[in-house]
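Residue strings, one per chain:
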Amino acid sequence: HHITNSEQIIPFLESEHKFWLNMPNLNNIDLLNEIKNIFDLHTMAMEDIINTQERPKVEIYDHFILIVVKMLYSRNNLADLEAEQVSIVIGKNYVISFQEHAFDIFDGIRVRIENPSGKIRKHGTDYFAYTLLDAIVDEYYSLLEKVTDKIEVLEDEIISEEKRVKLSEIYNQRKSIQLLKKVIWPTRELLSTLKKSESFLIKRRTLPFINDIYEQTVEIMENLEMQRESITTLVEIYMTNISLKQNEVMKTLTIIATIFIPLTFVAGVYGMNFEYMPELKWEYGYWFTWSIFLGISILMVIYFKRKRWF
Amino acid sequence: HHITNSEQIIPFLESEHKFWLNMPNLNNIDLLNEIKNIFDLHTMAMEDIINTQERPKVEIYDHFILIVVKMLYSRNNLADLEAEQVSIVIGKNYVISFQEHAFDIFDGIRVRIENPSGKIRKHGTDYFAYTLLDAIVDEYYSLLEKVTDKIEVLEDEIISEEKRVKLSEIYNQRKSIQLLKKVIWPTRELLSTLKKSESFLIKRRTLPFINDIYEQTVEIMENLEMQRESITTLVEIYMTNISLKQNEVMKTLTIIATIFIPLTFVAGVYGMNFEYMPELKWEYGYWFTWSIFLGISILMVIYFKRKRWF
Amino acid sequence: HHITNSEQIIPFLESEHKFWLNMPNLNNIDLLNEIKNIFDLHTMAMEDIINTQERPKVEIYDHFILIVVKMLYSRNNLADLEAEQVSIVIGKNYVISFQEHAFDIFDGIRVRIENPSGKIRKHGTDYFAYTLLDAIVDEYYSLLEKVTDKIEVLEDEIISEEKRVKLSEIYNQRKSIQLLKKVIWPTRELLSTLKKSESFLIKRRTLPFINDIYEQTVEIMENLEMQRESITTLVEIYMTNISLKQNEVMKTLTIIATIFIPLTFVAGVYGMNFEYMPELKWEYGYWFTWSIFLGISILMVIYFKRKRWF
Amino acid sequence: HHITNSEQIIPFLESEHKFWLNMPNLNNIDLLNEIKNIFDLHTMAMEDIINTQERPKVEIYDHFILIVVKMLYSRNNLADLEAEQVSIVIGKNYVISFQEHAFDIFDGIRVRIENPSGKIRKHGTDYFAYTLLDAIVDEYYSLLEKVTDKIEVLEDEIISEEKRVKLSEIYNQRKSIQLLKKVIWPTRELLSTLKKSESFLIKRRTLPFINDIYEQTVEIMENLEMQRESITTLVEIYMTNISLKQNEVMKTLTIIATIFIPLTFVAGVYGMNFEYMPELKWEYGYWFTWSIFLGISILMVIYFKRKRWF
Amino acid sequence: HHITNSEQIIPFLESEHKFWLNMPNLNNIDLLNEIKNIFDLHTMAMEDIINTQERPKVEIYDHFILIVVKMLYSRNNLADLEAEQVSIVIGKNYVISFQEHAFDIFDGIRVRIENPSGKIRKHGTDYFAYTLLDAIVDEYYSLLEKVTDKIEVLEDEIISEEKRVKLSEIYNQRKSIQLLKKVIWPTRELLSTLKKSESFLIKRRTLPFINDIYEQTVEIMENLEMQRESITTLVEIYMTNISLKQNEVMKTLTIIATIFIPLTFVAGVYGMNFEYMPELKWEYGYWFTWSIFLGISILMVIYFKRKRWF
């Protein structure tokens, strides 16, 4: 159903049926207040839902559980990840989800819900909340994969030295990882709390499912940590490449200068205008000078070969 | 009321009314001693209030709670943050706040208190102490935002390389973050202790509010940690930029020197004054030499192109 | 026995005999489902077995224990380690092992099992599961040794400076270590859980054996940590060597240039064509100039000797 | 009293009076043994007192408490901090302090003790031991301040670049911090143990005082950590300054060389002695060459301006 | 007694006497098996004794305690530390020690044992085991001292810059420290376990002695940590020295090149062979050119002085 008026909710609430109410945005303050009253939500809970700067957390109230999580998505590229708050209220026979902006992450669930014989219809509200959380954690996974792919591309480019990579590209990945960690760390915590909560709203048979997404967040955290180390390594390789190139530039300069500077000196000597310079009068003086030029050059080249500069 | 004499406090204390006493500075030792006696504050508590070098902490006494926190403010710019101690004593029907210097952070609360139907009047002294703490933590938030903004500006300047950033500017931000962390870390601790304290002075319904500012401090700490990492990254980019520039300077020198040093040698050779130098007599010797000049230059340029030095 | 049909399992299950069922791959979904039904495995357990992206873990169910571990092997060289999931189900009188791909790690165990008087036949299913885990942890050991050997070779090559080592070779070892750690860390955790689990399936006398492989994983982790530090050190030495070489290149250039540039200037002076240059007319002007050349060179060499540049 | 003979102690011990015995050094082994017997100190306790290599610690015995702490002082400058062991034994009606060498830290306390109406005389032995510990921790504070001051001076010198700072000066501060941390860390631990010890020798009303010095050690540790980070930052700035200077040196060389090397080449060309060089015959050839010189120079300067090398 | 046959042990075991059995090597497997049977040692315990790759650990069995530790010694120099396993079995009236190779660390104990009135004879087997452990931990101390001395020598050499230190020497110390830490860390753990073990074999009055060596291992760990930091600092100073030297080399080159390159250009100009060059005809042209040479040189020197390059 598409509900336009909060009055329409009451019969659902009083019936035996389980139902899911999705608030696609937080703009309609009046509607939110009505929901607050109908479902008897605590003032602090409502504030947590409306204030979109909250850290992911779970709050166990007497007759409902509030879960605040963050959905991450990237509008254009990985460099500008954005976080959107999704709050889930689990009650006895209802689940309410509040999205910051209308988004399509729950579309898959909507399809599954319409299947009358699906697993999702048979289980309780806790299982349904799990499917919502699962959809969000799956998003983290796909972001992790995107970041991992991007880092691998950068790694190949840096090691092969085929393309000039900008350091800022590496740092953008670092930022994405930082943001992911900042969101996933408290999510892991909240799932751990949810697992151990002894609220009557979380049934024993739902626990393995919650444990499953908990372990997924652990896995994502570990992978993020590995990627963060990879980036540190990438920066090191990047810096080493700069050093190696500088070394090569230096060597080229040194080889050329070291060979030709002495030769130029010798040429300069015989360019002097002294009246009495015996060599200038020799018949083979010029050729002799060339042999000096060649001799110096060959000695230098041998020296550099020995030093393994080539 | 503006109280000038400690005698005036006693009727308030004996009445059923809740009241707030704000000491705008710690200069009047006599007055402080009278307050100590009237409210029966412990000697160690009074010492904690007067010694402005204390770490933020909470001390649960039998008939009152002492909270020592730090207010942070920047007189001119972020580089010189200063900390001022604010001590809050929560009693049965009173709250006393001691400021190191007269400051205006509690002005907003004063306004709200004068509103006779406001939330702040209806709740107990614990809620009132919460509003004071909340005002202080809000200050931390705004400082965090200033630091974050400044770091982002620095980041843009360094990455765009448009403006020459001084390393000391980056380190000033690091210092601010360090100071913020040093103040917020024990504040978080004290709020956690307050949450778990089972003092009769903290009512159950105030706990969610204390938990709220506790979570704010956690959030601030996490953001500070992220900013600290950003600064480490900034310094790395800064250093890499220096290396890259040095590399570019080296390349320019190497290209020019490597091309012209051999040419100068050749010119030097034909500047020698040997009597017998056949090339000098050739009709096209000069033009031939120029072709050598051009040949060497072109070979060098091709070599550098291949090495991707341009 | 080589079992082709799941029907054949049932008599084993009902008998008093202990038996081991090894699934060499996870391709036959029908067979897996039949096994699930015959052994009454939980849906989540089966999902853990089929999903090869699981972290190593242990799950204690009522009538069986599920252990998920990773086998590591390197197809060609250490740089591309691959992980294959192995799941072990320990029941009252059976052990089932599921491999991702058919592999030969359990061949040694198969031989030992066929020995009718072997230790392996006398002990229970928990001991048998231990032998399987032991075979996998032994593989980790041999990988650790390979990595250690490779790092030592790299270390020798870098310190002796005989061979030009590529930085990427060092980083490949870092990656192998990272992967090993990622696999062994949760394995250690699962062994610790297994030790403390009070399941009736783990007999008291098997505990020392489990403790033994647990201590092996601790040992491997510590060695990996040491190797990781060795690599950090190697990278540092590598970078220092680049710096030292660059320093040497610089010195060579500086020595040559600093000696010959002033000499070339002197030669240039007497190559000037001024009509009135008294030195040019001197009889010993040319030899005098050579004495200047020698004098400057000797002074420079002394200067460099003092600075310990040779 | 100045006691010369151990016999003289016994009447004090048997009386109701509280007394303090200070051993200014550990040279007189016989006297120490007599004290051991008179006060019935455990052999291990006596060994801890005599062995001056002990870590700071507290040992709770049945009828006395042994506290081993370190006094830190710098003979000449901060670079050579020395640690001296001070052991304090708290008994029912006595406090014994053992100093490694005669030192004057307890002079202030001696003065206060002689004041017959002072706080120190009214409290028990535990309060007296607190005053001794307080004197020692105050010394740590003054050392922390000296180190902090020295680091700030170094920071100013490095950032202003007015004075050439030697890296070893920075590292000396690092060493002092390391030593301070090594001493204060276990001191904090021992104070924490003392707080929680339920020995009858530590009275409830002394606890806030012990807690006070405990918090001081926490504060010192936090400040040391901040100073350690400052030093890391200082080294980074130091290294960056070297890099920046090297960059400047490189630029100077490159600008001069890049301008004059091509000019010298041109001059070399017209210094060649070819018989047929048309330019040499031109009337304005010389001035034309000068215009080439100027042209090249101006182009180079523009190029460097654009690259922001000036 | 020097026992050659395991039969000879039995009367000792049955008597009331306490005895120590030292196995100087692990070569005689038959003898080890007989010992296993006589003393009723667990199979896993015997495996721990024979497998010399074990981590230091303690295992509390019903009628004996097995302690596995490592003795460290350096055959030639600190760079090649070797570890030898020593296992100690503490029983009711016996202590058995197993050495990997015959070594002389227990010689001092043997001497003390032969003294019939010594402390070592009066105490139980737990005290005797303590003396063995103490001898081993004392070895760690002396190794720590050697490493510390070597690092201080290196530090002096690097800071004074008198001797050219090889980076690999620094890293060898790092390796020694790493190995020491790897051995001492689990030793500390095992001593902690031993302290808390409530085995009847460890008497209450032996606990302070065990605690004493436990604290020694803590102290060694802390010192090792400090030495590790010293090494990091040394490497930093080493790198900085390279940078500083490179800077000096650069400066020398730049000063010489920047002074003489323009002079050489001027000389080159007047070496040109243009027919019409008015300066060449001037009577004082030559001296005027020299004044240009001097002028340029002086200006350059002033410039470098200002930049503080000298």
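Residues numbered from 1 in each chain as written. Chains lettered and ligands numbered in written order. Predicted model: local features only at pLDDT ≥ 70, side-chain atom pairs only at ≥ 80, totals over all residues. Heavy atoms only, no water.

S.K.: Go over the overall build of chain A with me, naming the residues and quoting the values.
M.R.: The secondary structure content of chain A amounts to 10 helices and 5 strands. Taking 310 residues into account, the globule formula puts the C-alpha radius of gyration at 19 Å, and chain A, at 35 Å, lies well above it. Along the three orthogonal principal directions, the C-alpha set of chain A runs to about 120 × 35 × 30 Å. Taken over 310 residues, chain A has a buried fraction of 55%. (Helix = DSSP H or I, 4+ residues; strand = E, 2+ residues; numbered from the N terminus. Rg over C-alpha atoms; globule rule 2.2 N^0.38 Å. Buried < 20%, exposed > 50% of the residue type's maximum accessible area, 1.4 Å probe, protein only.)

S.K.: Provide a residue-level description of the interface of chain C and chain A, including the pertinent values.
M.R.: Chain C puts 47 residues into the contact, and the matching count from chain A is 50 residues. The interface formed by chain C and chain A holds 6 salt bridges in total. Residues R174 of chain C and E236 of chain A are paired through a salt bridge, measuring 3.6 Å at the closest nitrogen-oxygen approach. Where chain C meets chain A, there are 14 residue pairs in polar contact (both at pLDDT 80 or more). Secondary-structure elements contributing two or more residues to the side of chain C that touches chain A are β2 (57-60), α7 (167-196), α8 (207-269), α9 (278-281) and α10 (285-306) of chain C. Ranked by residue count, the leading element in the side of chain C that touches chain A is α8 of chain C, at 17 residues. Looking at side-chain class alone, the side of chain C that touches chain A contains 23 nonpolar, 10 polar and 14 charged residues. (Contact = heavy atoms within 4.5 Å. Salt bridge = Lys/Arg side-chain N within 4 Å of Asp/Glu carboxyl O. Polar contact = N/O pair within 3.5 Å; in protein donor to acceptor, adjacent residues only side chain to side chain. Nonpolar A, V, L, I, M, F, W, Y, C, P; charged D, E, K, R; others polar.)

S.K.: Outline the environment of L144 of chain B, supporting the account with residue identities and numerical values.
M.R.: All names here are of chain B. Here L144 is to be found in helix α6 (residues 125-160). Separated by 48 residues in the primary sequence, L144 and I96 have C-alpha atoms spaced 28 Å apart. Sequence-distant contacts of L144, defined by excluding residues within four places in its chain, comprise L180, I220, N223 and L224.

S.K.: Describe the sheet that holds strand β5 (residues 94-99) of chain D, with residues and values.
M.R.: Residue and element names in this part refer to chain D. Taken together, the 5 strands give an open sheet; going across it, the order is β1-β5-β4-β3-β2, and neighbouring strands pair in mixed fashion. Pairing within the sheet leaves two strands with one partner each, and these edge strands are β1 (19-23) and β2 (57-60). Taking the axes of each pair of neighbouring strands and ignoring which way they run, one obtains an average angle of 20° across the sheet. Pairing of β1 with β5 involves 5 bridges; the strand directions are parallel. Paired with W20 across the strands is V95, a residue of β5. Here helix α6 (residues 125-160) sits on the sheet in contact with β1, β3 (65-74), β4 (81-90) and β5, set at roughly 25° to β3. (Pairing = 2+ DSSP bridges. Axes fitted to C-alpha atoms, helices over the stretch in contact; angles between N-to-C directions.)

S.K.: Got a sec to walk through the relation of the copies chain A and chain B? Specific residues and values, please.
M.R.: Mapping chain A onto chain B leaves a residual RMSD of 0.1 Å; the transformation is a rotation of 72° accompanied by 0.1 Å of translation along its axis. What we have between these two chains is a five-fold relation. Relative to the rotation axis, the C-alpha of G271 of chain A is the closest in chain A, positioned 4.7 Å from it. (Least-squares fit on C-alpha atoms with pLDDT ≥ 70 in both.)

S.K.: Could you give an account of the sheet that holds strand β4 (residues 81-90) of chain C, with specific residues and numbers?
M.R.: Through backbone hydrogen bonds, the strands of a sheet pair up, either in parallel or in antiparallel fashion. All names here are of chain C. With mixed pairing, the 5 strands of this open sheet are ordered in space as β1-β5-β4-β3-β2. At either margin of the open sheet sits one strand with a lone partner, and together these are β1 (19-23) and β2. Strand-to-strand twist of the sheet, defined as the mean angle between neighbouring strand axes without regard to direction, takes the value 20°. Set on the sheet, α7 makes contact with β2, β3 (65-74) and β4; between it and β3 the angle comes to about 160°.

S.K.: Which residues make up the pattern of salt bridges, and what values go with them?
M.R.: In this structure the tally under the stated criterion is 62 salt bridges over all chains. The shortest N-O distance in the salt bridge between E215 of chain A and K57 of chain C comes to 2.9 Å. One end of the pair, E215 of chain A, is in helix α8 (residues 207-269); the other, K57 of chain C, is in strand β2, on a second chain. Relative accessible area serves as the criterion here: at 19%, E215 of chain A is assigned to the buried category. Its relative accessible area of 9% is what places K57 of chain C among the buried residues. Of the charged contacts, one joins E225 of chain E and K181 of chain E as a salt bridge, the two residues approaching to 2.9 Å between their closest N and O atoms. Residue E225 of chain E is located in helix α8 (residues 207-269), and its partner K181 of chain E is located in helix α7 (residues 167-196); the two are separated by 44 residues in the primary sequence. Taken together, the salt bridges that share partners define one network made up of D48, E54, K57 and E59 of chain A together with E215 of chain B.

S.K.: Explain the pairing of strand β3 (residues 65-74) of chain A to me, using residue names and the numbers behind them.
M.R.: Residue and element names in this part refer to chain A. With 10 of 10 residues buried, β3 lies mostly within the body of the structure. Here β3 shows two buried faces, one formed by I65, I67, V69, M71 and Y73 and the other by L66, V68, K70, L72 and S74. In the sheet, strand β2 (residues 57-60) pairs with β3 via 4 bridges, with the strands oriented antiparallel. Its bridge partner being in β3, E59 is matched across the sheet by L66. Between the antiparallel neighbours β2 and β3 lie 4 residues. In this structure, β3 lies alongside strand β4 (residues 81-90), joined through 10 bridges in antiparallel fashion. Pairing of M71 across the sheet is with E84, part of β4.

S.K.: Give a description of the arrangement of the chains that names residues and reports values.
M.R.: At no point do chain A and chain D touch; the closest pair of C-alpha atoms across them sits 9 Å apart. A gap remains between chain B and chain E, which never touch, and the nearest two C-alpha atoms on either side lie 9 Å apart.

S.K.: Which residues make up the side chain of N223 of chain C, and what values do they have?
M.R.: Along the chain, N223 of chain C falls in helix α8. Discounting chain neighbours no more than four positions away, the residues touching N223 of chain C are L144 of chain C together with K182 of chain E.

S.K.: Give a detailed account of unusual backbone geometry, specifying residues and quantitative values.
M.R.: In the Ramachandran plot, D40 of chain A falls in the positive-phi region, its phi being about 55° despite a non-glycine side chain. Secondary-structure assignment places D40 of chain A in the loop between α2 (29-38) and α3 (43-50).

S.K.: How would you sum up the interface of chain A and chain B? Please name residues and give values.
M.R.: Counting from both sides, the interface comprises 48 residues of chain A and, opposite them, 50 residues of chain B. Between chain A and chain B the total buried area reaches about 4400 Å² when both faces are included, carbon and sulfur atoms providing 62% of it. Across the chain A-chain B interface, the total number found is 5 salt bridges. Among the ionic pairs, K307 of chain B bridges to E248 of chain A, the shortest N-O distance being 2.7 Å. Where chain A touches chain B, the interface holds 14 residue pairs in polar contact (both at pLDDT 80 or more). Contributions of two or more residues to the side of chain A that touches chain B are made by α3, β2, α7 (167-196), α8, α9 (278-281) and α10 (285-306) of chain A. If one sorts the elements of the side of chain A that touches chain B by residue count, α8 of chain A sits on top with 18 residues. In terms of residue class, the side of chain A that touches chain B is made up of 23 nonpolar, 10 polar and 15 charged. (Buried area = accessible area lost by both parts, 1.4 Å probe.)

S.K.: Kindly report on the packing of α6 of chain D against helix α8 (residues 207-269) of chain D, identifying the contributing residues and their values.
M.R.: Residues and elements named next belong to chain D. Two numbers describe how α6 lies on α8: the axes approach to 10 Å, and their chain directions differ by 15°. Classified by the angle their axes make, α6 and α8 are roughly parallel. Like other packed secondary-structure pairs, α6 and α8 cross with a definite hand, here left-handed. Split into classes, the residues belonging to the contact of α6 with α8 amount to 20 nonpolar, 7 polar and 4 charged. (Parallel < 35°, antiparallel > 145°, perpendicular 65-115°, else oblique. Left-handed = near helix turned anticlockwise from the far one by under 90°.)

S.K.: Describe the packing of α8 of chain C against α10 of chain C, listing the residues and the values that go with them.
M.R.: Residue and element names in this part refer to chain C. Interhelical geometry of α8 versus α10 gives an angle of 160° and a closest axis separation of 10 Å. Viewed along their axes, α8 and α10 adopt a mutual orientation that is roughly antiparallel. Classified by chirality, the crossing of α10 by α8 is right-handed. Of the residues in α10, those in contact with T254, I255, T258, I259, P262, L263, V266 and A267 of α8 are T289, I292, F293, I296, S297, M300, V301 and F304. Taken together, the residues of the contact of α8 with α10 break down into 12 nonpolar, 4 polar and no charged.

S.K.: Lay out the domain arrangement of chain A with the relevant residues and their values.
M.R.: Residue and element names in this part refer to chain A. Split into domains, chain A comes out as domain 1 (6-242) and domain 2 (243-306). Placing a centre on the C-alpha atoms of domain 1 and another on those of domain 2 gives a separation of 72 Å. The partner domain 2 presents 4 residues to the 5 residues of domain 1 that form the contact. Here domain 1 and domain 2 share an interface that buries about 360 Å² over both sides, 40% of which is from carbon and sulfur atoms. If you sort the residues of domain 1 by the area they bury against domain 2, T240, N241 and I242 come out on top, with a joint share of 80%. Inspection of the domain 1/domain 2 interface yields 0 salt bridges. The interface formed by domain 1 and domain 2 contains 9 residue pairs in polar contact (both at pLDDT 80 or more). Residue classes in the side of domain 1 that touches domain 2 are distributed as 2 nonpolar, 2 polar and 1 charged. (Domains from an automatic or database assignment.)

S.K.: Describe helix α2 (residues 29-39) of chain C, and please don't skip the residues or the numbers.
M.R.: Residue and element names in this part refer to chain C. For α2, the full list of buried residues reads L32, I35, K36 and F39. The buried residues of α2 occupy one face: seen down the axis, they fall within an arc of 105°. Exposed side chains of α2 directed beyond 90 degrees from the buried face belong to D30 and N37. The secondary structure elements touched by the buried residues of α2 are α1 (9-14), β1, α3 (43-50) and β5 (94-99). (Arc of directions from axis to C-beta.)

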